[in-house]
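Take a look at the letters that make up each chain.
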Protein chains: 2
Amino acid sequence: MEQNGADLVVRTLVENGVRMCFANPGTTEMHMLAALGRTEGMALSLCLFEGVATGAADGYARMTGTPAAVLLHLGPGFANGMANLHNARKAETPLFNIVGEHATYHLAYDAPLSADIEGMAATVSAAVATPQTPGEVAGATAHLLSQVSTGGVATLIVPNDVAWLPAEGAPVTALPKARPTHEEAMVADALAALSAPGGALVIGAPCITRRMAELADAIARKTGAKVLAEAAVARMQRGGCTPPLARIPFHVDPATEALKEVRAAVLCGAREPVAFFAYPGRPSKLLPEGAAVLPLCAPGGEVEAALEVLAAALGAEVTPYTQSEVEAADPEAAIDAEVLGRCVARTLPTGAIVVDEAITNGGHMFPMCAEAPSHDWINNRGGSIGYSMPVALGASTACPDRKVLCVTGDGSAFYTLQALWSMARDKRDVTVLVLANRSYRILANETSKIGAGAPIDETQPLMSLEDPAPDWVKLAEGQGVVAERVATAGALQAALEAAMSSTGPRLIEVAM
Amino acid sequence: MEQNGADLVVRTLVENGVRMCFANPGTTEMHMLAALGRTEGMALSLCLFEGVATGAADGYARMTGTPAAVLLHLGPGFANGMANLHNARKAETPLFNIVGEHATYHLAYDAPLSADIEGMAATVSAAVATPQTPGEVAGATAHLLSQVSTGGVATLIVPNDVAWLPAEGAPVTALPKARPTHEEAMVADALAALSAPGGALVIGAPCITRRMAELADAIARKTGAKVLAEAAVARMQRGGCTPPLARIPFHVDPATEALKEVRAAVLCGAREPVAFFAYPGRPSKLLPEGAAVLPLCAPGGEVEAALEVLAAALGAEVTPYTQSEVEAADPEAAIDAEVLGRCVARTLPTGAIVVDEAITNGGHMFPMCAEAPSHDWINNRGGSIGYSMPVALGASTACPDRKVLCVTGDGSAFYTLQALWSMARDKRDVTVLVLANRSYRILANETSKIGAGAPIDETQPLMSLEDPAPDWVKLAEGQGVVAERVATAGALQAALEAAMSSTGPRLIEVAM
């Protein structure tokens, strides 16, 4: 069979290591779908909403380091995937969108589904290309892959005739970009700053490895510097005697409190810390006024190597962390953030991947899980809720033999609940905890803090998911996922133990 | 209490007739929410996904003619609403988005949720404004309302400090735009074309009224011209002895067939007909080559007046349509498109609003309902699926005393299934028929037609919603909506009779 433009796109992807595609195609993507289906080395997964597909690609690449492809239908399909593309962009995840477009000659007629795809794509993509002939597709695909090889969202817009017309030529190899190395000239100043009173080291990376955490801990012990990770980290290796690395708190008040004694901050793969939102009378920048900022290694740079240099210069030695046991919660207790933390920390199996969207109930889980066996922790750097179930789907697709634990607020879970269906379809080993406080509790917390006053009769219902109370057991079962509801610490512990010792998708509605 | 920027936005909206806001707010919208809550004359409805909110606003305005407001959280919240904004844009529905933005001084720090909201908004909006001070908000709001007074999406981006700072001044009145009138100079040519062999009249309007249908019918009887509505009409008054107005078929082959004898097409509020998609070897333009096109009245223009002029010039007289009874289906029969049409046509109550997203199963329902009591028919002009349940929610909000019947494919329903929760929350009188063929059947139809070949083992699952089969009864009950499943004509008829004679939200899963 003759190669068409769609085949050449897919062959170029496979040639460059892209092996997975999360898809929600339409008519304009039928040639692309056929090519994806007949090309060896490419796997396909159907998502019933595009935000599931883009989030899954994000989770997949966080665990593999190589991008997944996402197949989307025209402008509106792309739009439905944009919120999780925003999150992927902020996490610097490599990701490759393929968006069908009307045939080049059909665009002039402004058919119902015509839209400004390039304009949409530009808002969330590091690189966008729209080849106009089949002869351009291999080069365009490879160029985009190169552009996002160290992270970022690429979007290839494929006009339908470009997909269906015969294509000559072979796949093109993408040249990966080099990650920036640290500023050698800044090492001496960084060492001095860390060793002086008020020294701080702030770390960020697409994946904060166990080695990075060990080096940071060694540097902290040697210098007395405060060491913190960014408030949200795309992926973090933890547990199994990895020294715990604290994060900058999410809320502006505890964050400024945590940083108040800093006189000089060495940034290693991290950006200067800023508040999530602006609040009247509170600062946007979290470091104290006048604190020095030393950007030792740029975001996306060779962070581990930079830390090795610092540790070696200091003669700081890595030593293992001695874990302590997390105490069990009272089985009769109602479930709050602390009980949640205890139950999760006590049941997390070795090699687990935790996708954390616990939001207002997450405060205890992260520190307590430092005492658990080795695992990965995934956080949202983009702040758009509805990221966790899709990301969990993708992480599980990347690592089918590891247990994925997705912990999500109920409000968050609603945005992309169609992820449950794909978990069932693909038999992914994902356990989802839906923290059912039946409210957008963060808004109830935030409205006064930002000076908008307490909710009144007219606005309180806008922060409440009561009336009707969602039934997550039915919402999961309706998509083929086994589910149960728990309301006490003992029931949560038992449900987690059962989930962790079996495989397959499962949902636990946690009454909070 | 002192007026702030948020108050002044809301007061300007209320002053100009905007009385409803569908909302999914976040921290940056708390001042706006508070203002919406405390301003008399503004009602609020919570949606658990932004695409529900934008679709609901579309449905609301289709029935009232005045825009609803939508409150969205920053760029990602806007992105989640974009697909249904695309549909609203193509339907020329007036709609007013309020999108929170970080405080003006906070934007420089590229906080996690920072995004190019203006870039996103530009792709789906007729007009966008981002006031930089509270002094600008009343003028900006009124200007946007004016810009979309005859249809289109307006987007007001409100930086958080602009919302929370004190605002002086009063609401500003928006000046509505005039709809274009018909081209008087073209009337004679149009009359000649309609009276000659191969004459055709193509009608489009935000709402094709009963009067328009009567006039079109009179013109057709007088001249022998073919009269057709555009393939999708935002709203159409039908039934109750309204002369049936056929639509241009959706698929390119029957559409070109329907138009093949046209020598001159008079466009009255309609655009020149084009194919939904390009297909290899098939035309993009649906009229025969060489057919004359006479744009008598521009889209969005005064269509009814133009038709009155034509009818008067012709001496064409309106006469009532004699309805015939739609025969009942065999109660034992399995449910197909024809059975669906019969059951719906036989149970539709007077004043019903039908929101049609039946797609591959919709072919019989539309013509058969011409024999039903008077009702409104709503279609998707933008082609982005997942529009119908949100639009039904909004139509019911606009017309709480009318029965809304939403007929949707199961694939389509998945995109915005969170609409069910809002129907339950707001106790809307909506009956949802989910046509459960458990497939994206349109894709299975399209893939060969567009030359991509039949599905193979690797691609067939991408068009199938089997494995696992969604359980729509549970998906509805999980959101507080009463539901049942039917599999025979008799059961569907009984379920519809029960639904039409009671009130409140209800879902019927229809096995097809």
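Residues numbered from 1 in each chain as written. Chains lettered and ligands numbered in written order. Predicted model: local features only at pLDDT ≥ 70, side-chain atom pairs only at ≥ 80, totals over all residues. Heavy atoms only, no water.

### Thoughts on the overall build of chain A
Then comes step 1: When helices and strands are tallied, chain A shows 19 helices and 17 strands.
Then comes step 2: Here the C-alpha radius of gyration of chain A, 24 Å, is about what a compact globule of 512 residues would show, namely 24 Å.
Then comes step 3: Expressed as a percentage of its 512 residues, the buried residues of chain A come to 64%.
Then comes step 4: In chain A, the proportion of contacts linking residues at least 24 apart, taken out of those at least 6 apart, comes to 81%.
Then comes step 5: Surface summary for chain A: the accessible area is close to 16400 Å², and the carbon and sulfur share equals 51%.
Then comes step 6: When the 35 basic and 54 acidic side-chain charges of chain A are each reduced to a single mean position, those positions are 4 Å apart. (Helix = DSSP H or I, 4+ residues; strand = E, 2+ residues; numbered from the N terminus. Rg over C-alpha atoms; globule rule 2.2 N^0.38 Å. Buried < 20%, exposed > 50% of the residue type's maximum accessible area, 1.4 Å probe, protein only. Contact = heavy atoms within 4.5 Å. Areas by Shrake-Rupley, 256 points an atom, 1.4 Å probe, with all protein chains shown as cover. Lys, Arg positive; Asp, Glu negative; His and termini not counted. Charge placed at Lys NZ, Arg CZ, Asp CG, Glu CD.)

### Thoughts on the relation of the copies chain A and chain B
Relating one copy of the chain to the other requires a rotation about an axis plus a shift along that axis.
Then comes step 1: Superposing chain A onto chain B requires a rotation of 180 degrees together with a translation of 0.0 Å along the rotation axis, leaving an RMSD of 0.0 Å. What the superposition gives is, in effect, a two-fold axis relating one chain to the other.
Then comes step 2: Comparing interface residues between copies, 100% of those in chain A also lie at the interface in chain B; the contact surface is shared. (Least-squares fit on C-alpha atoms with pLDDT ≥ 70 in both.)

### Considering the UniProt feature "domain: Thiamine pyrophosphate enzyme TPP-binding" (unreviewed entry) in chain A
Then comes step 1: Those places that UniProt annotates as "domain: Thiamine pyrophosphate enzyme TPP-binding" (unreviewed entry) correspond, in this numbering, to residues 374-510 of chain A.
Then comes step 2: End-to-end, the C-alpha atoms of residues 374-510 of chain A are 25 Å apart, and along that stretch the chain is 37% helix and 20% strand. (UniProt positions renumbered as here; feature names shortened; annotations may be inferred.)

### Side note on the sheet that holds strand β15 (residues 430-436) of chain A
Residue and element names in this part refer to chain A.
Then comes step 1: Spatial ordering of the open sheet is given by β9-β13-β12-β14-β15-β17-β16, a layout of seven strands whose pairing is mixed. In this open sheet, the two edge strands, each paired with only one partner strand, are β9 (236-238) and β16 (482-486). Within this sheet the neighbouring strands show an average axis-to-axis angle of 20 degrees, counted without direction.
Then comes step 2: Bridge count for strand β14 (residues 404-409) against β15 is six bridges, and the pairing is parallel. Bridge pairing links Leu405 to Thr431 in β15. (Pairing = 2+ DSSP bridges. Axes fitted to C-alpha atoms, helices over the stretch in contact; angles between N-to-C directions.)

### A word on the UniProt feature "domain: Thiamine pyrophosphate enzyme N-terminal TPP-binding" (unreviewed entry) in chain A
Then comes step 1: Summarizing the sequence annotation, UniProt attributes the feature "domain: Thiamine pyrophosphate enzyme N-terminal TPP-binding" (unreviewed entry) to residues 4-108 of chain A in the numbering used throughout.
Then comes step 2: Between the end C-alpha atoms of residues 4-108 of chain A there is a gap of 24 Å, over a span that is 50% helix and 20% strand.

### Some details on unusual backbone geometry
Residues and elements named next belong to chain A.
Then comes step 1: For the bond running from Asp467 to Pro468, omega is -5 degrees, close enough to zero to count as cis.
Then comes step 2: Within the secondary structure layout, Pro468 lies in the loop between α17 (441-449) and α18 (472-477).
Then comes step 3: The backbone of Ile359 shows a phi angle near 50 degrees, a positive value even though the residue is not glycine.
Then comes step 4: A relative accessible area of 39% means that Ile359 is categorised as partly exposed.

### Focus: the nonpolar core
Then comes step 1: Judged by nonpolar contacts, the single largest core of 252 residues is most densely connected at A:Met32 and B:Met32.
Then comes step 2: Not counting residues within four places of it along the chain, the set of residues in contact with B:Met32 comprises B:Ala6, B:Val9, B:Val10, B:Leu71, B:Ile98, B:Val158 and B:Ala163. (Core = buried A, V, L, I, M, F, W, Y, C linked by side-chain atoms within 4.5 Å.)

### Some thoughts on the packing of aromatic side chains
Here a ring pair, both rings aromatic, is described through the centre-centre distance and the interplanar angle of the planes.
Then comes step 1: This structure, assessed with the given rule, holds 14 aromatic pairs over all chains.
Then comes step 2: Arranged with centres 5.4 Å apart and planes meeting at 90 degrees, the rings of A:Phe49 and B:Phe49 form a pair that is edge-to-face. Within this pair, whereas A:Phe49 is found in the loop between β2 (43-46) and α3 (50-64), its partner B:Phe49 is found in the loop between β2 (43-46) and α3 (50-64), the two belonging to separate chains.
Then comes step 3: A:Phe49 sits in the buried class, given a relative accessible area of 1%.
Then comes step 4: With centroids separated by 6.4 Å and ring planes inclined at 75 degrees, the aromatic side chains of A:Phe49 and B:Tyr415 adopt a geometry described as edge-to-face. Taken together, the residues A:Phe49 in the loop between β2 and α3 and B:Tyr415 in helix α15 (residues 410-415) connect one chain to another.
Then comes step 5: Every member of this aromatic cluster is reached through a ring pair, and the members are A:Phe49, A:Tyr415, B:Phe49 and B:Tyr415.
Then comes step 6: Over the aromatic face of A:Phe366 sits the side chain of A:Arg247, whose NZ or CZ is 3.5 Å from the ring centroid. (Phe/Tyr/Trp six-rings, centres within 6.5 Å; stacked < 30°, edge-to-face > 60°. Lys NZ or Arg CZ within 6 Å of the ring centre and 35° of its normal.)

### Concerning the domain arrangement of chain A
Then comes step 1: Taken domain by domain, chain A consists of domain 1 (5-164), domain 2 (184-314) and domain 3 (337-511).
Then comes step 2: If you average the C-alpha positions of domain 1 of chain A and of domain 2 of chain A, the two centres end up 35 Å apart. (Domains from an automatic or database assignment.)

### Considering the interface of chain A and chain B
Then comes step 1: Counting from both sides, the interface comprises 96 residues of chain A and, opposite them, 96 residues of chain B.
Then comes step 2: Together, the buried faces of chain A and chain B total about 7900 Å²; carbon and sulfur atoms form 66% of this surface.
Then comes step 3: Looking only at chain A, the three residues that lose the most surface to chain B are A:Thr27, A:Pro112 and A:Leu462, adding up to 8% of its buried area.
Then comes step 4: Across the chain A-chain B interface, the total number found is six salt bridges.
Then comes step 5: A salt bridge links A:Asp110 to B:Arg271; the nearest nitrogen and oxygen atoms lie 3.3 Å apart.
Then comes step 6: Remark: the boundary between chain A and chain B carries 47 residue pairs in polar contact (both at pLDDT 80 or more).
Then comes step 7: When residues in the side of chain A that touches chain B are grouped by element, the largest group, nine residues, is from helix α4 (residues 74-91) of chain A. (Buried area = accessible area lost by both parts, 1.4 Å probe. Salt bridge = Lys/Arg side-chain N within 4 Å of Asp/Glu carboxyl O. Polar contact = N/O pair within 3.5 Å; in protein donor to acceptor, adjacent residues only side chain to side chain.)

### Structural notes on the environment of A:Arg402
Residues and elements named next belong to chain A.
Then comes step 1: Looking at where Arg402 falls in the secondary structure, it is placed in the loop between α14 (388-398) and β14.
Then comes step 2: Arg402 gets classed as partly exposed once you look at its relative accessible area, which sits at 22%.
Then comes step 3: Between the alpha carbons of Arg402 and Ile353 there is a distance of 7.1 Å; along the sequence they are 49 residues apart.
Then comes step 4: Among all residues touching Arg402, those that are not within four sequence positions of it are Met63, Gly351, Ala352, Ile353, Asp376 and Asp429.
Then comes step 5: Of note is the side chain of Arg402, whose polar atom sits 2.6 Å from the side chain of Asp376.

### Looking at the packing of helix α1 (residues 5-15) of chain B against helix α2 (residues 30-38) of chain B
A pair of packed helices is characterised by two quantities: the angle between their axes and the separation of those axes.
All names here are of chain B.
Then comes step 1: Running from amino to carboxyl end, α1 crosses α2 at an angle of 45 degrees, the nearest separation of the two axes being 8 Å. With respect to each other, α1 and α2 are oriented oblique. Crossing of α1 against α2: the hand is right-handed. Between α1 and α2, the contacting residues are Ala6, Asp7, Val9 and Val10 on the first element and His31, Met32, Ala35, Leu36 and Arg38 on the second. (Parallel < 35°, antiparallel > 145°, perpendicular 65-115°, else oblique. Left-handed = near helix turned anticlockwise from the far one by under 90°.)

### Side note on the environment of B:Leu417
Then comes step 1: Mapped onto the secondary structure, B:Leu417 falls in the loop between α15 and α16 (419-425).
Then comes step 2: Residue B:Leu417 is classed as buried on the basis of its relative accessible area, which comes to 0%.
Then comes step 3: Remark: the alpha-carbon pair of B:Leu417 and B:Gly51, spanning 366 residues in sequence, is separated by 9.9 Å.
Then comes step 4: Leaving out residues up to four positions away in the same chain, B:Leu417 has contacts with A:Leu417, A:Gln418, B:Met389, B:Trp472, B:Leu475 and B:Gln479.

### Some details on helix α8 (residues 187-195) of chain B
All names here are of chain B.
Then comes step 1: For α8, the full list of buried residues reads Val187, Ala190, Leu191, Ala193 and Leu194. Within α8, the buried residues cover an arc of 165 degrees as seen down the axis, which keeps them to one side.
Then comes step 2: Those residues of α8 hidden inside the fold are in contact with β7 (199-203), α9 (210-223), β10 (264-268), β11 (292-297) and α11 (303-314). (Arc of directions from axis to C-beta.)

### A closer look at the pairing of strand β12 (residues 352-357) of chain B
All names here are of chain B.
Then comes step 1: Counting buried positions over the six residues of β12 gives six, a clear majority of the element.
Then comes step 2: Along β12, one buried face is formed by Ala352, Val354 and Asp356 and the opposite face, lined by Ile353, Val355 and Glu357, is buried too.
Then comes step 3: As defined by bridge partners, β12 adjoins strand β13 (residues 375-378) across four bridges and the pair is classed as parallel. Counted as the bridge partner of Ile353 is Asp376 from β13.
Then comes step 4: One ladder, built from five bridges, connects β12 with strand β14 (residues 404-409); its direction is parallel. Looking at β14, one finds that Val354 is bridged to Leu405.

### Quick look at the packing of α3(A) against α14(A)
All names here are of chain A.
Then comes step 1: Across the interface, α3 lies against α14 with an axial gap of 6 Å and an inter-helix angle of 45 degrees. Overall, the two elements α3 and α14 adopt an arrangement that is oblique. Here the hand of the crossing between α3 and α14 comes out right-handed. Counting all contacts with α3, which are made through Gly51, Val52, Gly55, Ala56, Asp58, Gly59, Tyr60, Met63 and Thr64, the residues of α14 involved are Pro390, Val391, Leu393, Gly394, Ala395, Thr397 and Ala398.
Then comes step 2: Among the residues making up the contact of α3 with α14, the classes are represented as nine nonpolar, six polar and one charged. (Nonpolar A, V, L, I, M, F, W, Y, C, P; charged D, E, K, R; others polar.)

### Some points on the sheet that holds strand β4 (residues 94-101) of chain B
Residue and element names in this part refer to chain B.
Then comes step 1: Taken in spatial order, the six strands line up as β2-β1-β3-β4-β6-β5 in an open sheet, and their pairing is parallel. Taken across any chain shown, the strands that pair with only one partner, and hence form the sheet edges, are β2 and β5 (127-129). The mean inter-strand angle of the sheet, taken between neighbouring strand axes irrespective of direction, is 20 degrees.
Then comes step 2: Alignment of strand β1 (residues 20-24) against strand β3 (residues 69-72), held across four bridges, turns out to be parallel. Residue pairing in the sheet places Cys21 in a bridge with Ala69 of β3.

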